Amino acid sequence: MAETAVSPLIDRLLHLLSQEAKLLGGIHGEVAEIKDELESIQSFLKDADAKAAAEQDIDEGVKTWVKQVREVAFHIDIAIDQYLLQVALHDPHPSGFRGTLQKTTHLLKTIIPRHNIAAKIQETKASIQKINERSKRYGFQSTAQGSCCGARGISWNNDPRKDTLYLDNADVVGIESSIDELISWLVGGSPHRTVVSVVGMGGLGKTTLTKKVYDNQMVKGHFDCHAWISVSQSYKIEDLLRSIIKQFCEGRKELPSSGIDAMDEQLLVNKLRDYLPQKRYVVVFDDVWKIEFWDSIKHSLPDNQIGGRIIITTRNSEVANYCKKSSHVHVYKLQPLTRDKAWDLFCKRAFQFDFEGHCPANLEKLSHDIVEKCGGLPLAIVAIGGLLSTKEKNMFEWKNLHDSLGFEFGRNPHLSSVNKILSLSFEDLPYNLKSCFLYLGMYPEDYSINCIRLFRQWIAEGFVKEIEGKTLEEVAQEFLIELIHRSLVQVSEVKLDGKVRRCRLHDLLHEIVLQKMKDLSFCHVLLKQESSFEGLVQRMSVNKVSYNVLKGFKEKKIHSLLLFNLDALPKSFMSHFFSNFKFLKVMDFEEAPLDHIPKDVGSLFHLRYLSLRNTKVKKLPKSIGKLQNLETLDLKQTLVSELPIEINRLRKLRHLLAYYHDYGLDFSLASQKGVKIQKGVGCLEELQKLYFVDLNHGGVDLVKDMGKLRQLRKLGVKNLSKETMRALCASIATMNHLQSLDIASISEDEIIDLQSISTPLQCLQRLYIKGHLEKFPDWIPKLQHLGKLGIYWSKLNEDPMKALQNLPNLLELEISRQAYNGEQLHIKMGGFPKLKILNLQFLNALRSLMIDQGALPLVEKFVIGRSPQLKEVPCGILHLRNLKELRFIDMHKEFEESLDPELGSHYWIIEHVPIVYLLHKVRTGFYDLEARILRSKHLIGS
């Protein structure tokens, strides 16, 4: 785990040596030597980490050595930050004679910081050399010397996973249907070789389930040859192949070939292929970690077309997907136990010798809370239940365990197996993903994390490196997907296009992450009234404590500070806040009780991420322009209405998000306000997201300037007028990477002409147009990647469905607020092949909605509302067999009466829809509706 401190530092030193050579001046050689020393230590650190993960004996000297490595890495990092800050304070910008004069002055002024850093580096280099020498005393090996696949494995004697092979039936609940389904896949189906992959996070019961299936008499009798192979992280393919041959022979009471122990991989593969032509086999590969494992064994188990089966258990869904290249594959995603099943299992273990297996009333609430923390993980439920079975059955013992569960995982032998099994997934990660994963622990337990927010913080921390052809944000998204595939991160919300919107950590993983963050000095999580903290800390997460507590951490040189559920942040405290935390890279004030940003925010030279989202801040100080490294400025739902011109100095800015939506008003052009920015914004060439810009300020010159922002992925503008319209179209035409565009006119009557965007925006995925369109733009139907489209106040006279229904990838369509003035909309057969959500509202003239059979084949949610002339239920809804939810909002009385389940003349049209809502406006504002479920197939009595 110590590698997570050293590897990022080496990357940083490499960057400094290549990109900042001028800044380093005379200390360039010293920094290069430190980098070389750290690289020589790095390989030994990997060996130390592997030994720790394998629970091998590590003496106190080694632990001290690892701690010293972490500490020196921390001090080097801080020294670099201090040096760069000092240099930046005197960094000249002007050119010419004045510039030359200032550069000379700059060199003189930085002599002292250069001298100081040189002395510090000499001291650090000596420390590292001593540490490097000590590494040789402890017998560490460079990781390059290993020959087996994967990381260092855990010996069988210490492997907690072996217990799952011998569980009592009392410890196995809730998998009966899973067993039946897997057996049917093994003994039935295609005669071709088939891989059955059981996927799920550690401790979920993959091995237990598979063993029950493997031992089933029907399975035993169906196959001629059987083998169970434990793979794990460390394996030699020759050993696995020998074990298969020996188990096949043993099961058939045959002797294996002589000399099998001396055979190489190729001979073993040939031996198996010769043995299996007329035999039906089943082989279990338990606990596969590496995606490429399939390449190692696919040739040894041939497709003899008589029903051969291979079962793979894995934590990584990509292992299963990889097999699809050359075999039929069934994937079984094992789910956590339901609450009822989890409770049954807990009671069986915790009260196995008391109360006849039932929980006493006085312990029920605490017991339910403990079970809830287990998140349906059988391994944890069995372990914690077993531990509680040894304790007195009283509130004190139960509450003590509940409140200290994370600590107990690290020290209590009853829970060590849980800790080891869950930690294995972490230890298998590359160092950059380890840092990304640990960062999730900075968020509170059960917190649903906004993925975009997380990506920007990862990038600001330097965890994400550039890959040619991809943005940093795209690389970060790939990192998250890998963590999800490895069953380390759970998906809590998905977008329509399948991308993850929000994610979370399993409660038990969160507990383990908290402990690892503490061990690594990665982050200090402040959950109680601590006035001071001993030791190194790079990051802080503060949750539900008084702001006064932060005063005790002002000298800690913290990189990241995340605040949650604070009671107050008064001006008197904030006036000294930034001077106390001058090394911050990430400062997240989201939803903090904050209404003021001090002028000295500009002193945070290293700051890359600043979020004031959902605060009461009204104004940004001009010193914001000094934040040379700022990448994200998030002002969503703040009261900031105008940005100082100094913003245009932030040449590394990637995301500028600023608007305020007044949810107390009905949805209108005035309910959402953008921000005024100054001319010169074209200098921000790294910008990827810019919304919303108030075009009523800055005029045509500002809009033309925006045309220089060639890297934009998302653009939102407010108050578009005739004067700025043509310039905006010209600027948009230069934005070749644009994926999201939101345009709002200055009033509902202002006619906007978007026809002059002559070149289709090939990358556009989301488009929202709010304003009077004289003609529907010809280029919109050509948008092959468009996934979301919203049209409002457009007053179209021609049916837009004709132009839109052939869009191949459209998932969501909203036509609302007098966007269409015609009397009829017609969706023809085959129209909207991928649409999932259709929203038609405030269409005052609409009398008829025709939906042909074969139209909208995938639509799941349909909203019809506030269209007073539409008095009959569209009978084409009958054809929408995939529809899951139907909403009618403020429809005519005659319309609603026809839907009555008992007497309604049109109820037959919608009776196949699981949930039908009738909604009515009850107040002013965005959340203005009161809902009534008309009827639900799944909610009896609704």
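Refer to the structure above for everything that follows.
Predicted model, so just to flag it, every value in this text is computed and none were measured.

Visitor: Before we move on, can you summarise unusual backbone geometry with the specific residues and values?
Guide: The amide bond that connects Y691 to the next residue, F692, takes the cis arrangement and shows omega of -5°. When you line up the elements, F692 lands in strand 17 (residues 689-694). The residue Q305 is not glycine, and still its phi comes out positive at about 60°. Secondary-structure assignment places Q305 in the loop between helix 12 (293-297) and strand 4 (309-314). Positive phi is not limited to glycine here, since N614 has a value of about 60°. You can see N614 is positioned in the loop between strand 13 (609-611) and strand 14 (632-636). Overall, N614 belongs to the partly exposed group, its relative accessible area being 33%.

Visitor: Outline helix 21 (residues 451-461), listing residues and values.
Guide: Along an α-helix, a turn takes 3.6 residues, which lines up residues three or four apart on a common side. Counted residue by residue, helix 21 has 10 buried out of 11 residues, so it is predominantly covered. All of the buried residues along helix 21 are C451, R453, L454, F455, R456, Q457, W458, I459, A460 and E461. N-capping of helix 21 is provided by N450, with a side-chain oxygen placed 2.9 Å from the backbone N of I452. With its phi angle positive at about 85°, G462 sits one or two positions after the end of helix 21.

Visitor: Run through the sheet that holds strand 3 (residues 281-288), naming residues and quoting values.
Guide: Spatially, 5 strands are ordered 2-3-4-1-5 in an open sheet, and the strand pairing comes out parallel. Both outer strands of the open sheet, strand 2 (225-230) and strand 5 (328-333), are each paired with one neighbouring strand and no more. Taking each pair of neighbouring strands and ignoring which way they run, the sheet shows an average axis angle of 15°. Pairing geometry for strand 1 (residues 194-199) and strand 4, over 6 bridges, is parallel. Paired with V195 across the bridge in strand 4 is I310. Strands in contact with helix 8 (residues 206-214) are strand 1, strand 2, strand 3, strand 4 and strand 5; relative to strand 2, the strand with the most contacts, it is inclined by about 165°.

Visitor: Summarise the pattern of salt bridges; cite the residues concerned and give the values.
Guide: For the structure on display, the rule yields 37 salt bridges. Note that E427 and K516 form a salt bridge whose closest N and O atoms lie 3.6 Å from each other. With a gap of 89 residues between them, E427 in helix 19 (residues 416-427) and K516 in helix 23 (residues 507-519) connect regions that are remote in the sequence. The pair formed by E427 and K516 is uniform in burial state, with each residue classed as buried. Linked through salt bridges whose partners overlap, the residues forming this network are K290, D428, E482 and R486.

Visitor: Which residues make up the pairing of strand 10 (residues 539-543), and what values do they have?
Guide: Within a regular strand, side chains alternate between the sheet's two faces. For strand 10, the buried fraction is high: 5 of the 5 residues fall into the buried class. Going residue by residue along strand 10, you find R539, S541 and N543 tucked away on one face and M540 and V542 tucked away on the opposite face as well. Where strand 9 (residues 524-526) meets strand 10, 3 bridges bridge the pair, whose relative direction is parallel. Within strand 10, the position partnered with V525 by the bridge is S541.

Visitor: Explain the nonpolar core to me, using residue names and the numbers behind them.
Guide: Ranked by size, the top nonpolar core spans 125 residues in total, and within it F589, F862 and I877 carry the most contacts. Residues V213, L366, L401 and L405 belong to the second largest nonpolar core, which totals 98 residues.

Conventions adopted
Along each chain, numbering runs from 1 in the same order as the chain's sequence is written. Restriction of local features to residues with pLDDT of at least 70 applies here, the model being predicted, together with a cutoff of 80 or more for giving and counting side-chain atom pairs; totals for whole chains, interfaces and linings are based on all residues. Side-chain calculation: all heavy atoms of the structure are included, whereas hydrogens and water are not. Here a helix means four or more residues in a row that DSSP labels H or I, a strand means two or more in a row labelled E, and each is numbered from the N terminus. Between buried and exposed lies partly exposed: a residue is buried under 20% and exposed over 50% of the maximum accessible area for its type, with that area taken using a 1.4 Å probe on protein chains only. For the purposes of these results, a polar contact is taken to be a pair of N or O atoms within 3.5 Å, where, inside protein, one atom must be able to donate a hydrogen and its partner to accept one; residues adjacent in sequence count only when each atom of the pair is a side-chain atom. Any two strands between which DSSP finds at least two bridges are classified as paired. What counts as an axis is a line fitted to C-alpha atoms, over the stretch in contact for a helix, and the angles between N-to-C directions run from 0 to 180 degrees. Residue contacts are counted whenever heavy atoms from the two residues lie within 4.5 Å of one another. Any Lys or Arg side-chain nitrogen located within 4 Å of an Asp or Glu carboxyl oxygen qualifies as a salt bridge. For this analysis, a nonpolar core means a set of buried residues of the types Ala, Val, Leu, Ile, Met, Phe, Trp, Tyr and Cys, connected via side-chain atoms within 4.5 Å.

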